[in-house]
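Letter by letter, the chains look like this.
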Amino acid sequence: MSRKPEMQIQNAPGDVISAVKFSPQGNKFLLVASWDSCVRLYDVVTNSLRHKFYHSSPVLDCAFLDAMKTVSGGLDNIVKMYDLNTHAENVLGSHNAGVKCVESCKMLNAILTGSWDKSVKLWDLREKECVGTYEQSNGKVYSMSCIDEKLVVATSERKVLIWDLRNMVNYLERRESSLKYQTRSVRCFPNKEGYVMSSIEGRVAVEYFDPNPEVQKKKFAFKCHRAKEGDIELIYPVNAISFHSVYNTFATGGSDGYVNIWDGFNKKRLCQFHLYDSSISSLCFSDDGSTLAIACSYMDEAETPPDPYPKPTLYVRYVNEQETRPK
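Residues numbered from 1 in each chain as written. Predicted model: local features only at pLDDT ≥ 70, side-chain atom pairs only at ≥ 80, totals over all residues. Heavy atoms only, no water.

Q: Describe the layout of surface pockets, listing the residues and the values that go with them.
A: Think of a ball as big as a water molecule: rolled over the atoms, this probe shows where empty space is left. If you add up the space inside the second largest pocket, you get close to 170 Å³. Along the walls of the second largest pocket sit 14 residues, with Phe29, Leu41, Ala67, Met68 and Leu84 positioned nearest its centre. Tallied by class, residues from the lining of the second largest pocket come to seven nonpolar, five polar and two charged. (1 Å grid on protein atoms, 1.4 Å probe; cavity = no way out; pocket = protein on both sides within 12 Å on 5 of 7 lines; lining within 4 Å. Points joined across faces, edges and corners; volume = space filled by probe spheres on them. Nonpolar A, V, L, I, M, F, W, Y, C, P; charged D, E, K, R; others polar.)

Structure (structure tokens):
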């Protein structure tokens, strides 16, 4: 019997889903952070809720350190580690404002957190302590991504800071976003050549690390997640980006309720999935690229909320090669 290409996950969170993350080396377990102050672990294979644990305020991001340990942060300013085996919780420490981003750093076997207090912190989880605090040039951290030694931090005021995790005395480069409006997401290419970022204006930019002018000529930005109603163009925020680790293609999710797959090197859209229940708030490809987690949440974009108010929903889509491989 062939399995369906997509499955709705049961017992979804009761409020906005802020982050979805697959466990490393597999597509069985999915970690989900929500504005209902809870972090949940789902078994995707059996479509069941396995664990949940709480913060005292909405949770804005989460990550796996390894297959059995997770880290999360949110509006309580706390960075919390949870052991899925023993169910032990440890408060690692805190920021001075909300923790917006949590990233696993495989190279250092550590966790990075980015905050609205305008700093990034590095946490050594063997010692269970913060081993470095790095100011982000007067900008609140809105999104960040790391790949090996490279860390890219997108801040308020449309700034992008590029760091080398081997030497955090100062950032390598400070760039102005090539997008005109507020950044929503930034993700590094798996091949380490650059990064992709999105904004509230329905645009995505593909950027390269190499400062060589010939390489910089390849960078570009494009319009997406837009729709025409008569003579009016509707523009939707691009809330989420996730890379396919094998093909270096990437998915974007917008407040139009659509997920698109893009080939950034050849500047083309590979496919678009069906219309989802509400805005796409988070996306995550599994490590092997076979599965895409899709979180749908109404994000208060409209002046008048729809009636009935859309409930958050969570999907897992089994993607095929035709949808993700460059043509």
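Moving on, there is more to tell.
Q: Can you tell me about the sheet that holds strand β28 (residues 280-285), naming the residues and giving the values?
A: To summarise the sheet geometry, strands pair through backbone hydrogen bonds and adopt either a parallel or an antiparallel arrangement. In space, the four strands of this open sheet follow the order β1-β30-β29-β28, with antiparallel pairing throughout. In this open sheet, the two strands that pair with only one neighbour each are β1 (6-8) and β28. Recorded for the sheet is a direction-independent mean angle of 20 degrees between the axes of neighbouring strands. Bridge count between strand β29 (residues 291-296) and strand β30 (residues 313-318): six bridges; the pairing is antiparallel. Each bridged residue has a counterpart across the sheet, and for isoleucine 294 the counterpart in β30 is tyrosine 315. (Pairing = 2+ DSSP bridges. Helix = DSSP H or I, 4+ residues; strand = E, 2+ residues; numbered from the N terminus. Axes fitted to C-alpha atoms, helices over the stretch in contact; angles between N-to-C directions.)

Q: Explain the pairing of strand β24 (residues 238-243) to me, using residue names and the numbers behind them.
A: Two faces, one strand: in a regular strand the side chains alternate between the faces of the sheet. For β24, the tally of buried residues reaches six of six residues, placing the bulk of the element in the interior. By the bridge criterion, five bridges tie β24 to strand β25 (residues 250-254) in an arrangement that is antiparallel. When the bridges of β25 are listed, serine 242 appears paired with alanine 251. Connecting the antiparallel pair β24 and β25 is a turn made up of six residues, with asparagine 248 showing a positive phi of about 60 degrees. (Buried < 20%, exposed > 50% of the residue type's maximum accessible area, 1.4 Å probe, protein only.)

Q: Go over the pattern of salt bridges, please, and point to the residues and values.
A: Under the definition given, this model contains 21 salt bridges. Residue glutamate 173 pairs with arginine 175 through a salt bridge whose shortest N-O separation is 2.9 Å. Here arginine 203 ties to glutamate 201 by a salt bridge, and the two come within 3.6 Å at their closest N and O atoms. Using a relative accessible area of 22% as the deciding quantity, one classes arginine 203 as partly exposed. (Salt bridge = Lys/Arg side-chain N within 4 Å of Asp/Glu carboxyl O.)

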